[in-house]
Amino acid sequence: QVQLMESGGGSVEAGGSLRLSCAASGDIASSCMAWFRRVEGKGDEWVAYFGVYGGAYYAPSARGRFAISRDNRKKTLDLQMNSLEVDDTGVYYCAARARIGYCSIERSDYAYWGQGTQVTVSS
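One structure accompanies this document, and this report is about it. (Residues numbered from 1 in each chain as written. Predicted model: local features only at pLDDT ≥ 70, side-chain atom pairs only at ≥ 80, totals over all residues. Heavy atoms only, no water.)

## Side note on the packing of aromatic side chains
Working step 1: The tally for this structure, following the rule as stated, stands at 6 aromatic pairs.
Working step 2: Ring geometry for Y93 and W113: centres 6.4 Å apart, planes at 75°, overall edge-to-face. Here Y93 is found in strand β9 (residues 90-96), whereas its partner W113 is found in strand β10 (residues 112-113), with 20 residues between them in sequence.
Working step 3: The class for Y93 is buried, based on a relative accessible area of 12%.
Working step 4: By relative accessible area, which is 24% here, W113 ends up partly exposed.
Working step 5: The rings of F36, Y93, Y110 and W113 are connected pair by pair, giving a single aromatic cluster.
Working step 6: Directly above the aromatic system of W113 lies the positively charged group of R107, at a separation of 4.0 Å from the ring centroid. (Phe/Tyr/Trp six-rings, centres within 6.5 Å; stacked < 30°, edge-to-face > 60°. Helix = DSSP H or I, 4+ residues; strand = E, 2+ residues; numbered from the N terminus. Buried < 20%, exposed > 50% of the residue type's maximum accessible area, 1.4 Å probe, protein only. Lys NZ or Arg CZ within 6 Å of the ring centre and 35° of its normal.)

Printed below as a string of structure tokens:
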């Protein structure tokens, strides 16, 4: 069993930065982990993932501005967000697959979810 808890959200002006962190309990070393966000008017969007073997990959909207990283010793998954835009506003969730190392961009493929952390970007 895995439990996830996000932190680090807040309010920033456009162009600013935030670093989100997801703390995990249970065994996540063999699981792909990802960040999703829920944006008003758009629903749930995949942001980035970090697999067991394949490293980090990003949605086009995040590529070049965001950086995902994981530390299996500390059991954390982070998302460094730079050059934030108003359209980045939403609730950000970390997620983990059920002992599956390869990744997916589909929400339904992830078994474990945190409660979410709010990110608000103002112009």
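Read on for the rest.
## Re unusual backbone geometry
Working step 1: One non-glycine residue, S83, lies in the positive phi region at around 50°.
Working step 2: The topology assignment puts S83 in the loop between β8 (76-81) and β9.
Working step 3: Judged by its relative accessible area of 41%, S83 is partly exposed.
Working step 4: Phi is positive for R99, which is not a glycine, with a value near 55°.
Working step 5: By secondary structure assignment, the location of R99 is in the loop between β9 and β10.

## With respect to the sheet that holds strand β1 (residues 3-7)
Working step 1: The strand order across the open sheet built from 4 strands is β1-β3-β8-β7, with neighbouring strands paired in antiparallel fashion. Looking at the sheet topology across the chains shown, the edges are occupied by β1 and β7 (66-71). Across this sheet, the average inter-strand angle for adjacent strands is 15°, counted without regard to direction. (Pairing = 2+ DSSP bridges. Axes fitted to C-alpha atoms, helices over the stretch in contact; angles between N-to-C directions.)

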